[in-house]
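For reference, the chains in residue letters:
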Amino acid sequence: MAARTNSASRSNRVLVISLIVIAALVAVLVGGELYVRHSVKTCMADQFESQLGSKVDVGLSWKPVLLQSLDKNVPYITIDSDDTKFGPAVGMQVNAQINDIRIEDTPESSGTIGSSDAHIHWSTEGILATLQQQAFGSLVSAVKADADAGTLTFSVGPAGLAELTVRPEAGGGTVQVKTVNAEILGFGLPTDLVDGIVQTLTSSLQTYPLGMQPTSLEVTDDAIEITLEGGAYTMPAAGTQQQQEQQQSSCGLLV
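Model, not experiment: these values are computed from the prediction.

Criteria and thresholds
Residues numbered from 1 in each chain as written. Predicted model: local features only at pLDDT ≥ 70, side-chain atom pairs only at ≥ 80, totals over all residues. Heavy atoms only, no water. Helix = DSSP H or I, 4+ residues; strand = E, 2+ residues; numbered from the N terminus. Buried < 20%, exposed > 50% of the residue type's maximum accessible area, 1.4 Å probe, protein only. Contact = heavy atoms within 4.5 Å. Areas by Shrake-Rupley, 256 points an atom, 1.4 Å probe, with all protein chains shown as cover. Core = buried A, V, L, I, M, F, W, Y, C linked by side-chain atoms within 4.5 Å. Axes fitted to C-alpha atoms, helices over the stretch in contact; angles between N-to-C directions. Parallel < 35°, antiparallel > 145°, perpendicular 65-115°, else oblique. Left-handed = near helix turned anticlockwise from the far one by under 90°. Nonpolar A, V, L, I, M, F, W, Y, C, P; charged D, E, K, R; others polar. Salt bridge = Lys/Arg side-chain N within 4 Å of Asp/Glu carboxyl O. Polar contact = N/O pair within 3.5 Å; in protein donor to acceptor, adjacent residues only side chain to side chain. Patch = residues over 30% accessible without salt bridge, like charges linked within 9 Å, V, L, I, M, F, W, Y side chains within 5 Å. Lys, Arg positive; Asp, Glu negative; His and termini not counted. Charge placed at Lys NZ, Arg CZ, Asp CG, Glu CD.

J.: Which parts of the structure should I look at to understand the overall build of the protein chain?
T.: Along its length, the protein chain carries five helices and 13 strands. Among the 255 residues that make up the protein chain, the fraction classed as buried is 40%. Considering only intrachain contacts with a sequence separation of at least 6, the fraction spanning at least 24 residues in the protein chain is 54%. Within the structure as shown, the protein chain displays about 13,500 Å² of accessible surface, and the carbon and sulfur contribution to it stands at 55%.

Printed below as a string of structure tokens:
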């Protein structure tokens, strides 16, 4: 009887020790995963902030980063930015997903992506702020969007006596801004002013990061909504030694 009791007691001790060891290993793995995820998110943010020209929030896929370090494949990340700048534009909100990412550390590249897509929300407030930063900006006092007509109308000149109406359209991988109407009391607006507004809008809607191109554009009651899509893309190499060191330290696990 005593022998059976001692044997059961030893078995219980072995079980308790095993459970403690397993719990410790799980804690180490979870802690390591959280630390590495934070490091990789920081690295990814550094990579894409230079592309978007603003601070970004990065979300990682469900796949554990420790596993990603073994097969060198990041399924996707999400990127959110509330003040992205494309060309002269300010105040753009961007929600993007970047797929099939490989972080590299070579003189030619800091990584590659397989594909990407994004949604841009550019409010009339952001459009007005963009125009008012230009040399002619003091002449533009308001922007009104017309969802039914698909147009933007700008109040121009003293007390907004003049109006310029344009229609932005996406097609062939670009956005064109067409003048619909430009007059004051039946007289045409100065050509330089019209060209300045149209060119500023066009420049803001023409160049996008990661090789993405606009596939659709919709004018709503208070904004422009743009859908972007992109294919395979090679990200440029880090520009300075400091950037290279930061990339190596925070993304090195995935290289």
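J.: Would you take a moment to explain the nonpolar core for this structure?
T.: Counting residues in each nonpolar core, the largest one holds 51 residues, and the members touching the most others are I77, I98, I127, L152, F154, I197 and L205. Considering every element that reaches this core, the biggest residue donor is strand β3 (residues 92-103), with six residues. Once residues lying within four places of it in the same chain are set aside, the contact partners of F154 are I127, L131, V140, A142, V143, A162, E163, L164, V166, I197 and L201.

J.: Even after reading the chapter, I still don't get the packing of helix α3 (residues 124-132) against helix α4 (residues 191-204), so can you show me in this structure?
T.: When two helices pack together, their arrangement is given by the angle between their axes and by how far apart the axes lie. Look at α3 against α4: their axes get within 10 Å of each other, and the N-to-C directions meet at 120°. Considered as vectors, α3 and α4 are oriented oblique to each other. Crossing of α3 over α4 shows right-handed handedness. Packed against α3, whose contacting residues are I127, T130 and L131, the element α4 presents I197, T200, L201 and S204 at the interface. Residues that form the contact of α3 with α4 fall into these classes: four nonpolar, three polar and no charged.

J.: Quick question: what am I supposed to make of the pattern of salt bridges here?
T.: Pairing between side chains of opposite charge can happen when the charged atoms of each approach one another. Applying the stated rule across the entire model yields one salt bridge. For E169, the salt bridge is made with K178, and the minimal N-O distance between the two is 3.1 Å.

J.: Would you take a moment to explain the side chain of S204 for this structure?
T.: Mapped onto the elements, S204 comes out in helix α4. Given the relative accessible area of 0%, S204 is considered buried. Among the polar contacts listed, one links the side chain of S204 to the backbone nitrogen of A89, at a separation of 3.4 Å. Not counting the four nearest positions on each side in its chain, S204 is found in contact with F86, P88, A89, M92, W122 and T130.

J.: Would you mind showing me how to read a negative patch on the surface here?
T.: A surface patch of negative charge is lined by E125, D146, D148, D221 and D222. Structurally, D148 can be placed in the loop between β6 (140-146) and β7 (151-156).

J.: Looking at this structure, I do not really get α3. What am I missing?
T.: Buried within α3 are the following residues: T124, G126, I127, L128, T130 and L131. At its buried positions, α3 is contacted by β5 (115-123), β6, β7, α4 and β12 (223-230).

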